[in-house]
Amino acid sequence: MLMETFVSLFLPARCLGCRVVVEGQLFCDACARFIEPVGLSCCTVCGLPRPEGAKGLCLGCIRSRPLFTTLRAAYLYGGPIRDALLAFKHSNRVELGERLANMLVEQLAPTFPPQPAIVVPVPLHRTRQGHRGYNQAAILARFVARRIGAPYLPKLLRRVKD
């Protein structure tokens, strides 16, 4: 606790979008306005945003059905969310994992089944994990599993190609 206070005195938390000093949040109010949740109006297969109130599959999934059943995104990839994810993924900012996972759960909770079965991270190839030092998907998945009370199974999938 004393160390955290000392560190925050000399290295205050900064908005991941514009780098202004913030307290207790990832984004300042100005940057938070540019974060775009996908919402519930999305394709039921690929998860891409659809016009408000549109239901079912998007044109792309109607034309060529993907090999997966369902995919969901919490936010559109851009602006402050992109900056936060890139910092988490490439700048060794593993401390962002729990807060980003909380944002995911808050946004996607209405789409979860009543009793999620398991949470499984997509594995990194050992070469890439060796360079990065960690698997950001595993960090997010572990926090998501804990938050929703589902088992976390990190070894269920294995990456065989880089």
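The structure contained in this document is the topic of the report that follows. (Residues numbered from 1 in each chain as written. Predicted model: local features only at pLDDT ≥ 70, side-chain atom pairs only at ≥ 80, totals over all residues. Heavy atoms only, no water.)

Mapped onto the elements, V160 comes out in the segment after helix 7 (136–148). Exposure remark for V160: the relative accessible area of 59% places this residue in the exposed category. On a C-alpha basis, the gap between V160 and C42 in space is 32 Å, while along the polypeptide they are 118 residues apart. (Helix = DSSP H or I, 4+ residues; strand = E, 2+ residues; numbered from the N terminus. Buried < 20%, exposed > 50% of the residue type's maximum accessible area, 1.4 Å probe, protein only.)

The next point concerns a nonpolar patch on the surface. On the surface, I118, L153, L156 and L157 cluster together into a nonpolar patch covering about 340 Å² of accessible area. Note that L157 resides in the segment after helix 7. (Patch = residues over 30% accessible without salt bridge, like charges linked within 9 Å, V, L, I, M, F, W, Y side chains within 5 Å. Areas by Shrake-Rupley, 256 points an atom, 1.4 Å probe, with all protein chains shown as cover. Salt bridge = Lys/Arg side-chain N within 4 Å of Asp/Glu carboxyl O.)

Moving on, we come to unusual backbone geometry. Notably, R19 is not glycine yet its phi reads approximately 75°, a positive angle. Residue position: R19 is located in the loop between helix 1 (2–10) and helix 2 (29–32). Exposure remark for R19: the relative accessible area of 45% places this residue in the partly exposed category.

With that settled, consider the packing of helix 4 (residues 79–90) against helix 5 (residues 97–108). Helix-helix packing is described using two parameters, namely the angle between the two axes and the distance between the axes. It is at 11 Å that the axes of helix 4 and helix 5 come closest, and there the two elements cross at 140°. One element, helix 4, and the other, helix 5, form an angle in the oblique class. Relative to helix 5, the crossing made by helix 4 is left-handed. In this structure, helix 4 contributes I81, A84, L85 and F88 to the contact, and helix 5 contributes G97, L100 and M103. Within the contact of helix 4 with helix 5, the residues separate by chemical class into six nonpolar, one polar and no charged. (Axes fitted to C-alpha atoms, helices over the stretch in contact; angles between N-to-C directions. Parallel < 35°, antiparallel > 145°, perpendicular 65-115°, else oblique. Left-handed = near helix turned anticlockwise from the far one by under 90°. Contact = heavy atoms within 4.5 Å. Nonpolar A, V, L, I, M, F, W, Y, C, P; charged D, E, K, R; others polar.)

Inspection of every chain in the model, using the stated rule, returns zero disulfides. Take C61: it sits in no disulfide, and the sulfur closest to it among the cysteines is that of C43, at 3.7 Å. (Disulfide = S-S within 2.5 Å.)

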